[in-house]
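# Summary of the model geometry
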Amino acid sequence: YLSEIDVQIADANKIEESQTEITNLLLSLHNISDASSADFNISNQSDLLETITSTTQTLTILLGAIAGISLLVGGIGIMNMMLTTVTERTREIGLRKAIGATGDDVSMQFLTESVALTFSGGLIGVILGWGVSFLINYFAITTTTVSVGSVLLAAGVSAGIGIIFGYYPAKRAAKMNPIEALRYE
């Protein structure tokens, strides 16, 4: 009884031909006339590579979906926080507009705060990522690297989330009537 036989082919162009010859030889040695009822399995490294590639693509899509959902939830949290900030600072907004600030000035203020908030969260995430990478390398689990491109991508995504989800609260603040904002309790 054998559990495995490994065969190495010298010419990569003859893998399929060799696989067919080995299959036919084993079928005749096992006295099997129908290949579908074979009591053995033949695979090559390209089959294994194809399986690994398929699994990797599936995991990449899954992790991308999880990251997308996390960004959406985080963005909604930022928007809610900024809407609360706008509500709490209604009198300040009214005062700024009453002394000459334009709607664009107020909008830019809240957009800047939103971007600063998300960017600082992104910075904390990058620092934690570098720390985890260092610990993984230190304990020799595997070799990891943090590229400058991934750090720039994280910073860009953080700023983008701040702009996208901070836009509505900033516009809401910019459209406030200064007289009614000053009366707000």
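The structure we're discussing is the one just above.
Structural notes, computed from the coordinates. Computed from a predicted structure; not experimentally measured.

## Here's the deal with the overall build of the protein
Per the secondary structure count, the protein includes six helices and zero strands. In the protein, the order of α-helices and β-strands from amino to carboxyl end is α-α-α-α-α-α. The C-alpha radius of gyration of the protein comes to 31 Å, more than 25% above the 16 Å expected for a compact globule of 185 residues. With respect to the three principal axes, the spread of C-alpha positions in the protein is 95 × 40 × 30 Å. Residue burial in the protein is summarised as follows: out of 185 residues, 21% are buried. Across the protein, every contact between residues at least 6 apart in sequence was considered, and the portion connecting residues at least 24 apart equals 68%.

## Side note on the nonpolar core
Grouped together as the largest cluster of nonpolar side chains are 12 residues: Ile78, Met82, Val86, Ile93, Ala101, Val106, Phe110, Leu111, Ala170, Ala173, Met176 and Ala181. Those elements giving two or more residues to this core turn out to be α2 (45-88), α4 (103-138) and α5 (148-174). Once residues lying within four places of it in the same chain are set aside, the contact partners of valine 106 are Ile93, Arg96, Lys97, Ala101, Ala173 and Ala174.

## Looking at the side chain of lysine 97
With respect to the helices, strands and loops of the structure, lysine 97 is situated in helix α3 (residues 90-98). This buried residue, lysine 97, is left without a salt bridge; aspartate 104 holds the nearest opposite charge, at 9.3 Å. Not counting chain neighbours up to four residues away, the residues in contact with lysine 97 comprise Gly103, Val106, Ala173, Ala174, Lys175, Met176 and Pro178.

## Concerning the packing of α4 against α5
A pair of packed helices can be characterised by two numbers: the angle between their axes and the separation between those axes. With their axes 7 Å apart at the nearest point, α4 and α5 run at an angle of 150 degrees to one another. In this view, α4 runs roughly antiparallel relative to α5, as classed from their interaxial angle. Along this stretch, α4 crosses α5, giving a crossing that reads as right-handed.

## Some remarks on unusual backbone geometry
At asparagine 31, a position not held by glycine, the phi torsion is positive, near 55 degrees. Topologically, asparagine 31 is positioned in the loop between α1 (15-29) and α2.

## Considerations on the packing of α3 against α4
Between α3 and α4, the least distance of the axes is 9 Å, while the angle of their chain directions is 140 degrees. When the interaxial angle is binned, α3 and α4 end up oblique. Here the hand of the crossing between α3 and α4 comes out right-handed. Contacts from Glu92, Ile93, Arg96 and Lys97 in α3 reach Gly103, Asp105, Val106, Gln109 and Phe110 in α4. Grouping the amino acids of the contact of α3 with α4 by side-chain chemistry returns three nonpolar, two polar and four charged.

## Examining α3
Every buried residue of α3 is accounted for by Thr90, Ile93, Gly94 and Lys97. Each buried residue of α3 lies within a common arc of 100 degrees when the element is viewed along its axis, so the set occupies one face. Buried positions along α3 lie against α2, α4, α5 and α6 (178-183). Immediately beyond the C-terminal end of α3, within one or two residues, lies glycine 100, with a positive phi of roughly 120 degrees.

## Examining the packing of aromatic side chains
A full pass over the atoms with the stated rule returns two aromatic pairs. A centroid spacing of 6.0 Å and a plane angle of 25 degrees characterise the contact between phenylalanine 134 and tyrosine 138, whose relative ring orientation is stacked. Taken together, the residues span about one helical turn, with phenylalanine 134 and tyrosine 138 both in helix α4 at a distance of four residues. The class for tyrosine 138 is exposed, based on a relative accessible area of 58%. Ring centres of tyrosine 138 and phenylalanine 139 lie 5.1 Å apart, and the angle between their planes is 80 degrees; this geometry places the pair in the edge-to-face category. Comparing tyrosine 138 with phenylalanine 139 shows no difference in burial state: the two are exposed. Here the aromatic residues Phe134, Tyr138 and Phe139 are joined through ring pairs into a cluster of three or more.

Cut-offs used in this document
Counting restarts for each chain: residues are numbered from 1 in the order of the written sequence. Two thresholds apply to this predicted model, a pLDDT of at least 70 for residue-level local features and 80 or more for giving and counting side-chain atom pairs, whereas whole-chain, interface and lining totals are computed over all residues. To get the side-chain values, take all heavy atoms of the structure and skip hydrogens and water. Working definition: helices are DSSP H or I runs of at least four residues, strands are E runs of at least two. Numbering for both runs from the N terminus. Based on C-alpha atoms, the radius of gyration is set beside the globule rule, defined as 2.2 Å times the residue count to the power 0.38. Relative accessibility decides the category of a residue: with a 1.4 Å probe and only protein chains considered, values under 20% of the type maximum give buried, values over 50% give exposed, and everything between is partly exposed. In what follows, a contact means two residues having at least one pair of non-hydrogen atoms within 4.5 Å. The nonpolar core is taken to be a set of buried Ala, Val, Leu, Ile, Met, Phe, Trp, Tyr and Cys residues, with the residues joined through side-chain atoms within 4.5 Å. A positive count includes Lys and Arg, and a negative count includes Asp and Glu. His and the chain ends are not counted in either. In the sections that follow, a salt bridge refers to a side-chain nitrogen of Lys or Arg positioned within 4 Å of a carboxyl oxygen of Asp or Glu. Fitted lines through C-alpha atoms serve as axes, helices being fitted only where they are in contact, and the angles separating the N-to-C directions of these axes extend from 0 to 180 degrees. Comment on the angle field: the value is read as roughly parallel under 35 degrees, roughly antiparallel over 145, roughly perpendicular from 65 to 115, and oblique elsewhere. Note on convention: near helix rotated counterclockwise from far helix by under a right angle means a left-handed crossing. Clockwise means right-handed. Under the convention adopted here, Pro, Cys and the residues Ala, Val, Leu, Ile, Met, Phe, Trp and Tyr are nonpolar, Asp, Glu, Lys and Arg are charged, and Gly plus all remaining residues are polar. In this description, the arc belongs to the directions extending from the helix axis to the C-beta atoms. Between the rings of Phe, Tyr and Trp (Trp by its six-membered ring), a pair exists once the centres lie within 6.5 Å; its type follows the angle of the planes, with under 30 degrees stacked, over 60 edge-to-face, and the other angles tilted.

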